[in-house]
Amino acid sequence: MEDCLAKKMEITVSEAEKRTGRNAMNIQETYTAYLIETRAVESQSEGQCAPVESLWRRYSEFELLRNYLSVTYPHIVVPPLPEKRADFVWHKLSADNMDPDFVERRRIGLENFLLRVASHPVLCQDKIFYAFLMQEGGWKEMVNETGFHLKADSRLKALNATFRVKNPDKRFTELKHYSDELQSVISHLLRVRARVADRLYGVYKVHGNYGRVFSEWSAIEKEMGDGLQSAGHHMDVYAASIDDILEEEEHYADQLKEYLFYAEALRAVCRKHELMQYDLEMAAQDLTSKKQQCEELATGTVRTFSLKGMTSKLFGQETPEQREAKIKVLEEQIQEGEEQLKSKNLEGRDFVKSAWADIERFKEQKNHDLKEALISYAVMQISMCKKGIQVWTNAKECFSKM
């Protein structure tokens with residue numbers, strides 16, 4: 001961790017800017033660009049700072065970077081991006097991806113994504129990631145030249161492996177189930193939070209009605225007027241404070257959403273392991289089949305029904321020369337298959353070792369982050385309740401002076 005990029009470089013996504021341009025289809029579109037600023041952390045004397053490097057990136061470029069990392073490092077739980085369009089929001093908030101408040105929250109999420117990658121012991125060393133931070137022109141071409149698209153596994157192939165693998169690793173099966181349950185629990189939690197936020201908004205805004213009524217009442221009272229007016233002012237301030245509170249609420253929701261999306265990153269690692277296990281089993285099955293064919297040719301006995309066996313009976317047996325030639329080809333294929341199987345076994349063991357080390361790192365991070373988020377949310381709720389008590393305490397004092 002001492003060598004990670006986050007220790008050597010300050011990384012911020014400092015601002016977002018709405019732009020208009022033409023896409024690859026020459027159709028005009030409106031999009032948001034984000035300014036990434038980096039500064040080297042150097043051991044210099046006080047008063048001296050390294051220069052700030054900056055460049056602009058679109059959300060689609062962040063997506064390309066993450067896709068590249070996911071394909072290139074399949075054994076790693078790659079940090080997720082913030083959502084492209086708002087989800088799990090209470091109905092008073094806009095779900096428009098151009099809404100300034102949503103863009104601001106996404107800016108914070110993109111910065112968090114970069115810091116997550118820069119803090120990862122493996123991902124932080126990737127040259128494409130470093131170029132994403134430092135090289136604006138030609139970066140997309142550099143990514144495409146890696147050929148990472150060709151390494152990507154198709155969804156159909158992954159689905160096939162899920163249902164056809166015979167000996168799945170119990171640890172990865174349990175992890176897959178856990179990721180599904182984690183996603184389900186956080187989804188429910190976000191829905192509950194949205195409903196709570198909606199009701200909270202209503203309660204605060206109703207206090208604004210108290211303020212209006214007290215103010216109107218004060219106009220017709222001589223001795224009680226000042227007290228009613230002051231109490232109404234406290235109610236108005238309380239009602240107006242809900243906007244800042246709900247902004248904090250949304251930041252808390254974004255912390256939960258990160259782990260909602262992390263669940264899919266966990267499943268991606270499990271799917272890759274299933275694919276590797278499926279390939280290994282298919283290679284072992286193919287090798288067993290070739291060994292059996294070779295044995296049958298060598299002994300002249302056929303253990304199982306085959307089209308070749310029927311053909312031999314109908315059209316006569318092969319000559320010794322033909323059989324020897326086939327045996328030689330099969331022996332070469334068997335040798336190649338054994339080497340391939342050995343290689344796949346070794347690759348599978350390395351994948352499991354690396355993946356499980358990263359999963360343990362992720363679990364530690366997750367436990368720490370969610371604990372902090374829940375504590376912060378509890379503190380926020382306590383603070384809100386204290387504000388409510390203070391408002392009514394102030395109102396009581398105003399009433400007492402009437």
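Shown above is the structure to which this text applies.
Model, not experiment: these values are computed from the prediction.

Some details on empty space enclosed by the protein
Using a probe with the size of a water molecule, rolled over the atoms, empty space left in the structure can be pinpointed. Counting across every chain of the model gives one cavity of 30 Å³ or more. Volume-wise, the largest cavity comes out at about 40 Å³. Lining of the largest cavity is provided by P168, D169, F172, T173, C270, H273 and E274. Put simply, the parts of the chain that give the lining of the largest cavity at least two residues each are α8 (170–218) and α10 (242–299). Ranked by residues supplied to the lining of the largest cavity, first place goes to α10 with three residues. When grouped by side-chain class, the residues that make up the lining of the largest cavity number three nonpolar, two polar and two charged.

A short note on the side chain of D358
With respect to the helices, strands and loops of the structure, D358 is situated in helix α12 (residues 320–400). Here D358 falls in the buried class, since its relative accessible area comes to 5%. Looking at D358, its side chain comes within polar contact range of the side chain of H120, at 2.6 Å. Ignoring any residue separated from it by four or fewer positions in sequence, one finds D358 in contact with H75, I76, V77 and H120.

Looking at the packing of α8 against α10
The contact between α8 and α10 brings their axes to 9 Å, and the two run at 165°. The orientation of α8 with respect to α10, classified from their angle, is roughly antiparallel. For α8 against α10, the interelement crossing comes out left-handed.

Regarding the layout of surface pockets
The calculated volume of the largest pocket comes to roughly 1100 Å³. Lining the largest pocket are 37 residues, with S70, P74, D153, A268 and K272 positioned closest to its centre. The set of elements that each furnish at least two residues to the lining of the largest pocket consists of α2 (59–72), α6 (148–151), α7 (155–164), α10 and α12. Looking at the lining of the largest pocket element by element, the count peaks at twelve residues for α10.

Some points on helix α3 (residues 100–119)
Over its 20 residues, α3 extends 29 Å from the first C-alpha to the last, a length consistent with the 28 Å expected when each residue adds 1.5 Å. F102, V103, R105, R106, R107, G109, L110, F113, L114, R116, V117 and A118 are the residues of α3 that are buried.

Cut-offs and rules
Residues numbered from 1 in each chain as written. Predicted model: local features only at pLDDT ≥ 70, side-chain atom pairs only at ≥ 80, totals over all residues. Heavy atoms only, no water. 1 Å grid on protein atoms, 1.4 Å probe; cavity = no way out; pocket = protein on both sides within 12 Å on 5 of 7 lines; lining within 4 Å. Points joined across faces, edges and corners; volume = space filled by probe spheres on them. Helix = DSSP H or I, 4+ residues; strand = E, 2+ residues; numbered from the N terminus. Nonpolar A, V, L, I, M, F, W, Y, C, P; charged D, E, K, R; others polar. Buried < 20%, exposed > 50% of the residue type's maximum accessible area, 1.4 Å probe, protein only. Polar contact = N/O pair within 3.5 Å; in protein donor to acceptor, adjacent residues only side chain to side chain. Contact = heavy atoms within 4.5 Å. Axes fitted to C-alpha atoms, helices over the stretch in contact; angles between N-to-C directions. Parallel < 35°, antiparallel > 145°, perpendicular 65-115°, else oblique. Left-handed = near helix turned anticlockwise from the far one by under 90°. Expected span 1.5 Å × (residues − 1).

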